[in-house]
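What follows is each chain in one-letter form.
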Amino acid sequence: MNAPVRRFEAQARLPDLDAILLELTKAFAATAGQHDREASFPADNFRQLHEAGLLALTAPARLGGLEADLPTALKVISAVARGEPATALVLVMQYLFHASVEGRSGWPEHLKQRVIGEAIEHGALINALRVEPDLGTPARGGLPATIARRTPEGWRLSGRKIYSTGSTNLTWFVVWARSDDPEPLVGGWLVRADTPGISIEETWDHLGLRASASHDVVFEDVLVPLDHALDPQPVGAPPPYPASFATWSAVLTSAIYDAVARAARDWLVEFLANRKPANLGAALSTLPRFQEAVGEIDGLLLSNRVLLDTAARGEVDGVEASLVKHLVTENAISAVERALKLTGNPGLTRANPLERHHRDVLCGRVHTPQADVVLTSAGRAAFAGLGA
């Protein structure tokens, strides 16, 4: 059976997203405040996503996945994030790995089948563990301190990873490390989370996305099979994933924060429609200044929708995809901040979700690529176009 036929058959198995996603958004929103207060991982959300058949949405059809395209993945992530954004962040990592697995030549076939098969059968989750205490994000250069030592029985992995999103509920870690060769190879080592020698230190106590369980993961002489070194390459080699990965990452990551802003906007509109000060004798929504402010927020969100849809259709290049991530994130933050200005104390009261939305949306700025890198790259590209 050829690939187009498999893809067609897989997409024919797509569930009724319009019906499912509306219910998931409501269900996730109902418990989002509790997970935020407790900094507890929303495991039940992933049970529901698994039951809905959405955890292998972007996985290759030949491996049993639905092989959904980027616009479809965008639709799902937006709906999930509108309910609970930490859930959406973990799901984005899942979708990115599944969508790019065929383009990663370093993945042995049996590992592809196992990782995707466990996601379909058991709801297994996967994410990359890259950030380290001394290094920070590897996107800005530098070698990881996590070391993979080659031994007769396999690799021995040692190191510490921080900000490991989803840590306590992942089945698979892709650990960014370097080999102990004289000229080290750098890449991802696929490690099952229940392997002896792994411990999780629950350090995550953050301003936003508090439910993401982005704790420290410590590896102490962890034994990893030799063929689980997925794509180690010499320092400075091109990334092992396909070029489309950058666009997928930019669109799906920024969609989380756009969705948070939309949830904030919906709360604001309802608040203004129901708030009737005694001295006014009517709802705040009847006043032109509030109508104008909501119109400004809707304009920012319209810009986001156009940017995300355009990028999801593949109508931007790599530099522009990064700009989309930056612009969508900043528009989302501006939208929520404008909502806060309109509400006064109620907007900052912890009993109301707007305060949580504000904390969550600010996290969009820390995701790679960050603003200075995006804007410098765009400016450099502009000058290169002039031959400067």
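Conventions used here
- Residues numbered from 1 in each chain as written.
- Predicted model: local features only at pLDDT ≥ 70, side-chain atom pairs only at ≥ 80, totals over all residues.
- Heavy atoms only, no water.
- Helix = DSSP H or I, 4+ residues; strand = E, 2+ residues; numbered from the N terminus.
- Buried < 20%, exposed > 50% of the residue type's maximum accessible area, 1.4 Å probe, protein only.
- Contact = heavy atoms within 4.5 Å.
- Salt bridge = Lys/Arg side-chain N within 4 Å of Asp/Glu carboxyl O.
- Core = buried A, V, L, I, M, F, W, Y, C linked by side-chain atoms within 4.5 Å.
- UniProt positions renumbered as here; feature names shortened; annotations may be inferred.

The name given to the protein chain in an unreviewed UniProt entry is Alkylation response protein AidB-like acyl-CoA dehydrogenase, with the source organism recorded as Caulobacter rhizosphaerae.

S.K.: How should I be thinking about the overall build of the protein chain in this particular structure?
M.R.: For the protein chain, the helix and strand inventory stands at 12 helices and eight strands. Once the C-alpha set of the protein chain is aligned to its principal axes, its extents read approximately 80 × 55 × 45 Å. Expressed as a percentage of its 388 residues, the buried residues of the protein chain come to 50%. Here the analysis covers contacts within the protein chain between residues at least 6 apart in sequence; of these, 72% occur between residues at least 24 apart.

S.K.: Would you take a moment to explain the pattern of salt bridges for this structure?
M.R.: If the charged atoms of two oppositely charged side chains come close together, the side chains can form a pair. Counted under the stated rule, the structure contains 26 salt bridges. Two residues, Arg 149 and Asp 221, come together in a salt bridge whose shortest N-O distance is 2.5 Å. Within this pair, whereas Arg 149 is found in strand β2 (residues 147-151), its partner Asp 221 is found in strand β7 (residues 215-224), the two being separated by 72 residues in sequence. Judged by its relative accessible area of 33%, Arg 149 is partly exposed. Under the relative-accessibility criterion, Asp 221 is labelled partly exposed at 35%. Here the residues in one salt-bridge network are Asp 36, Arg 350, Glu 355 and Arg 359, joined through shared partners.

S.K.: Honestly, the nonpolar core in this entry has me stumped. Any pointers?
M.R.: One recurring pattern in soluble globular proteins: nonpolar side chains tend to sit buried together. Formed by 90 residues in total, the largest nonpolar core has its most connected members in Leu 54, Phe 219 and Leu 252. The residues contacting Phe 219, other than those within four sequence positions of it, are Leu 129, Leu 157, Ser 158, Gly 159, Lys 161, Phe 173, Val 175, Val 191, Gly 197 and Ile 198. Of all hydrophobic cores here, the second largest spans 10 residues; its members include Phe 97, Trp 172, Val 174 and Leu 190.

S.K.: I tried to follow the UniProt feature "domain: Acyl-CoA dehydrogenase C-terminal" (unreviewed entry) in the protein chain on my own but got confused; where do I start?
M.R.: When the UniProt feature table is mapped to this numbering, "domain: Acyl-CoA dehydrogenase C-terminal" (unreviewed entry) covers residues 260-368. Structurally, residues 260-368 is divided into 73% helix and 0% strand, and its ends, taken at the C-alpha atoms, are 18 Å apart.

S.K.: Mind showing me how you'd approach unusual backbone geometry here?
M.R.: Most peptide bonds take the trans form, and the phi angle of most residues other than glycine is negative. A cis amide bond links Thr 368 with the next residue in sequence, Pro 369, at an omega value of -5 degrees. Position of Pro 369 relative to the elements: it lies in the loop between α11 (353-362) and α12 (371-385). One non-glycine residue, Ala 213, lies in the positive phi region at around 50 degrees. Within the element layout of this structure, Ala 213 appears in the loop between β6 (198-201) and β7. By relative accessible area, which is 4% here, Ala 213 ends up buried. A positive phi angle, close to 55 degrees, is found at Asp 221, a residue other than glycine.

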